[in-house]
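So the chains spell out like this:
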Amino acid sequence: MQILRQVGGAIVRVAVLFAGVLLASALAEDAYLFVKGMLPVEPSSRAALPNYPDKEQARQMFLDFKQMQEDYVPFLGWKRRTLTTRNVNIDENGWRIHRVGSENNASDALRIGFFGGSTMIGKGTADDDTIPAIFDQLTTDFAVTNYAQGGHTARQNLAQLVNLIDTGEMPDVVVFYSGYNHIWAHCNYAVTHRLNGHMAERKLQRALQDHPAGGYTLNEIVRPLVARIRRVLGEERFTRDEFVCDIDPERAEQVADSLVRIWQVAAMLVDGFGGRFYAFLQPIAHIGSPRFDHLEVKYVEGGAQFRVVYPLVQAKLVALGPPWFEDLSDAFDRDEYLYIDDAHVSREGNSIIAHRMLERITATGRTARNLRGAER
């Protein structure tokens, strides 16, 4: 009996200790978040890059980007919440808006929708400096909507397209701008093993586990404590990238095939509903010969996944020869400061892409009227 009492007492002490640690972590987290909220938010070091002549404007722009938040959305995973700031504005639908370009559109302007991830939403540029915004400034023949969402893959772009078709809102012209997110997510087993997965898969799985396996102590004491530590320190510090495409040719082939198939499905859907479809393979710093001597080492090292999968995608599209595809991976092979990391670019880069897209779209379809240079 004495032994049982000792064991019981030990269990109680351990439980009290865990409860104390959990309470202390909660108080520490609250204190950390309170102090953090009182301190000024530091902008990204990218504001100091030579890409941005107006450093103060760039600093404020990156501060505005830090205010972006997401909400869960069925089928898509997430969308941006409504946001109003000086440089970054998101409407009630979750779309990034721009102010310059739409005011002079022709009365019979074709509706064009741009789909992609953070490079299309315009991370690193103000509202009027994104690819869709500059495209809108170049022509009056198109009414532009930016349907991109940060972190979305081509598969999620396809889901967004289906949503628009379902509600009768599909644009007359649909543009997919893909490459980086699709390869980064699907070549990284720390993100997903699924070809239909996305970047928030594991986070959403954890959120949906009401009673995960493991018992009371693990689920009610240990996991809440770990979750609080993750929130304080940042979850990315607990994630180890597990890239596989450079060592697994079969996976690399699957990732390339899936991107091409997604574009093919999108093309069939758009064509079937009377629209025109275009897919553009986006440039990234790991492909071609862009200038990146101004970037931090972490943005230019690695890239093996892209160097393996990009040639596969390019070869498959060359073999298929679809009229709706163009390879833009060489667009930044010039002696200019365009990249702000290994994927995103400043306004000059977005302008190059917008011009290339407009040239291709108007060459194969309706002729653009009243082209007016929007370079600043």
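Everything below is about the structure printed above this text.
Structure report, in brief. All values derive from a computational prediction rather than experimental measurement. (Residues numbered from 1 in each chain as written. Predicted model: local features only at pLDDT ≥ 70, side-chain atom pairs only at ≥ 80, totals over all residues. Heavy atoms only, no water.)

## Looking at the state of the cysteines
Turning to step 1, where the next piece is worked out: Throughout the structure, instances matching the rule amount to 1 disulfide.
Turning to step 2, where the next piece is worked out: Each disulfide pairs two cysteine sulfurs, and for Cys187 the partner residue is Cys245, the sulfurs being separated by 2.0 Å. Residues Cys187 and Cys245 share a disulfide whose torsion about the S-S bond is about -90°; that sign makes it left-handed. Residue Cys187 is found in the loop between α6 (180-186) and α7 (201-207), and its partner Cys245 is found in the loop between α8 (215-233) and α9 (249-272); the two are separated by 58 residues along the sequence.
Turning to step 3, where the next piece is worked out: Here Cys187 falls in the buried class, since its relative accessible area comes to 0%.
Turning to step 4, where the next piece is worked out: Since its relative accessible area comes to 1%, Cys245 is described here as buried. (Disulfide = S-S within 2.5 Å. Helix = DSSP H or I, 4+ residues; strand = E, 2+ residues; numbered from the N terminus. Buried < 20%, exposed > 50% of the residue type's maximum accessible area, 1.4 Å probe, protein only.)

## Some words on the pattern of salt bridges
Turning to step 1, where the next piece is worked out: Inspection of every chain in the model, using the stated rule, returns 18 salt bridges.
Turning to step 2, where the next piece is worked out: The salt bridge partner of Asp257 is Lys316, with a shortest N-O separation of 2.8 Å. Here the residue Asp257 occupies a position in helix α9, and Lys316 occupies one in helix α11 (residues 304-320), the gap between them amounting to 59 residues.
Turning to step 3, where the next piece is worked out: A relative accessible area of 24% places Asp257 in the partly exposed class. (Salt bridge = Lys/Arg side-chain N within 4 Å of Asp/Glu carboxyl O.)

## A closer look at the environment of Ser102
Turning to step 1, where the next piece is worked out: Residue position: Ser102 is located in the loop between β4 (89-90) and β5 (110-115).
Turning to step 2, where the next piece is worked out: Through-space distance from the C-alpha of Ser102 to that of Thr140 is 7.5 Å; in sequence the pair is 38 residues apart.

## Digging into helix α2 (residues 55-65)
Turning to step 1, where the next piece is worked out: Turning to α2, its buried residues are Ala58, Gln60, Met61, Phe62, Leu63, Asp64 and Phe65.
Turning to step 2, where the next piece is worked out: Against the buried residues of α2 lie β3 (83-84). (Contact = heavy atoms within 4.5 Å.)

## Remarks on the environment of Ala354
Turning to step 1, where the next piece is worked out: With respect to the helices and strands, the residue Ala354 is situated in helix α12 (residues 347-363).
Turning to step 2, where the next piece is worked out: Remark: the alpha-carbon pair of Ala354 and Pro132, spanning 222 residues in sequence, is separated by 7.1 Å.

## Focus: the side chain of Asp127
Turning to step 1, where the next piece is worked out: Structurally, the position occupied by Asp127 is in the loop between α3 (118-121) and α4 (131-138).
Turning to step 2, where the next piece is worked out: A polar side-chain atom of Asp127 sits 2.6 Å from a polar atom in the side chain of Asn89.
Turning to step 3, where the next piece is worked out: Residue contacts for Asp127: discarding those within four places in its chain leaves Asn87, Val88, Asn89, Arg96, Ile97, His98, Arg99 and Ala133. (Polar contact = N/O pair within 3.5 Å; in protein donor to acceptor, adjacent residues only side chain to side chain.)

## Here's the deal with the side chain of His186
Turning to step 1, where the next piece is worked out: Along the chain, His186 falls in helix α6.
Turning to step 2, where the next piece is worked out: One polar contact links the side chain of His186 to the main-chain carbonyl oxygen of His182, over a distance of 2.7 Å.

## Some points on the sheet that holds strand β7 (residues 173-178)
Hydrogen bonds between backbone groups are what pair the strands of a sheet, and the pairing can be parallel or antiparallel.
Turning to step 1, where the next piece is worked out: Strand order in this open sheet of 5 strands is β6-β5-β7-β8-β9, and the pairing throughout is parallel. The outermost strands of the open sheet, each flanked by one partner alone, are β6 (142-146) and β9 (325-327). Ignoring which end each strand starts from, the neighbouring axes of this sheet average 20° apart.
Turning to step 2, where the next piece is worked out: As paired elements, β5 and β7 share 4 bridges and run parallel to each other. Paired with Gly113 across the bridge in β7 is Val174.
Turning to step 3, where the next piece is worked out: Its contacts with the sheet place helix α5 (residues 154-166) against β5 and β7, and it is angled at close to 165° to β7.
Turning to step 4, where the next piece is worked out: α11 contacts β7, β8 (276-281) and β9 of the sheet and is inclined by roughly 145° relative to β8. (Pairing = 2+ DSSP bridges. Axes fitted to C-alpha atoms, helices over the stretch in contact; angles between N-to-C directions.)

## Here we look at α5
Turning to step 1, where the next piece is worked out: For α5, which comprises 13 residues, the first-to-last C-alpha distance of 18 Å matches the rise-based estimate of 18 Å (1.5 Å per residue) to within 8%.
Turning to step 2, where the next piece is worked out: Residues of α5 that are buried: Ala154, Gln156, Asn157, Leu158, Ala159, Gln160, Leu161, Leu164 and Ile165.
Turning to step 3, where the next piece is worked out: The elements touched by buried residues of α5 are β2 (77-80), β5, β7, α6 and α9.
Turning to step 4, where the next piece is worked out: Positioned one or two residues after α5, Gly168 has a phi angle of 70°, which is positive. (Expected span 1.5 Å × (residues − 1).)

## With respect to the packing of aromatic side chains
To describe a pair of aromatic rings, you give the distance between the ring centres and the angle between the ring planes.
Turning to step 1, where the next piece is worked out: Applying the stated rule across the entire model yields 13 aromatic pairs.
Turning to step 2, where the next piece is worked out: Measuring from centroid to centroid gives 5.1 Å for Phe114 and Phe135, while their planes differ by 65°, and the two rings are edge-to-face. One end of the pair, Phe114, is in strand β5; the other, Phe135, is in helix α4, with 21 residues separating them in the sequence. Each member of the pair Phe114 and Phe135 is classed as buried.
Turning to step 3, where the next piece is worked out: Each ring, one from Phe176 and one from Phe277, has its centre 5.3 Å from the other, and the planes form 75°; the classification is edge-to-face. On the criterion of sequence distance, the pair formed by Phe176 in strand β7 and Phe277 in strand β8 is long-range, its members being 101 residues apart. Each of the two residues, Phe176 as well as Phe277, counts as buried. (Phe/Tyr/Trp six-rings, centres within 6.5 Å; stacked < 30°, edge-to-face > 60°.)

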